[in-house]
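The primary structure of each chain is shown beneath.
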Amino acid sequence: MCKKFSVGDSGSFSKTISETDVYQFAEISGDFNPVHVDRSYAEKSVFAGQIVHGALLNSLISTVLGMYMPGPGTIYLSQESRFVKPVYIGDTVTVIVAIESMDSHAVLKTEIFNQKKECVLTGTARVKLPAGETWGDSRW
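Below: a short report on this structure. All values derive from a computational prediction rather than experimental measurement.

Comments concerning the sheet that holds strand β3 (residues 92–102)
Right, on to step 1. The five strands are arranged β1-β3-β4-β5-β2 in an open sheet whose pairing can be described as antiparallel. Each having just a single partner strand, β1 (10–16) and β2 (75–83) make up the two edges of the open sheet. Averaged over neighbouring strand pairs, the angle between their axes works out to 20° when direction is ignored.
Right, on to step 2. Relative to strand β5 (residues 119–128), β2 is paired through eight bridges, and the arrangement is antiparallel. Within β5, the residue paired with E80 across the bridge is T124.

Looking at the pattern of salt bridges
Right, on to step 1. Taken as a whole, this structure holds five salt bridges when the rule is applied.
Right, on to step 2. Between K15 and D21 there is a salt bridge, and its shortest N-O distance comes to 3.3 Å.
Right, on to step 3. For K15, a relative accessible area of 27% puts it in the partly exposed group.

What counts, and at which threshold
- Residues numbered from 1 in each chain as written.
- Predicted model: local features only at pLDDT ≥ 70, side-chain atom pairs only at ≥ 80, totals over all residues.
- Heavy atoms only, no water.
- Pairing = 2+ DSSP bridges.
- Helix = DSSP H or I, 4+ residues; strand = E, 2+ residues; numbered from the N terminus.
- Axes fitted to C-alpha atoms, helices over the stretch in contact; angles between N-to-C directions.
- Salt bridge = Lys/Arg side-chain N within 4 Å of Asp/Glu carboxyl O.
- Buried < 20%, exposed > 50% of the residue type's maximum accessible area, 1.4 Å probe, protein only.

Interpretation note: all reported values are geometric properties and have no functional meaning in isolation.
Okay, structure coming up:
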């Protein structure tokens, strides 16, 4: 059975970012920028503390796209992100994606909020729906 998607459909995911998450992401990505992984360096920075990698935040958007909205089988084609506020170790973030338009692909508004309900990232993603779940032209 094919799922029908409509403009306005949305999905979300929340996660508290731990120090372990940041260090494991640094290991995976190779990004050991001290503002992420060196507490004493980060405390002296403009951020006054360790901040989460922007790419880690973008990976949480991928979590929503691939697991919740549109869901398994979704192909992530592109992402534009604007980092509005820093995210710190210990922050709880909520990723919200919502379909803005549909043609042969879906364009989704992507936003991440911290536990204070402050927007920390805003952007747009373009995806291809999972195989067998189409709207209109299903070509790439």
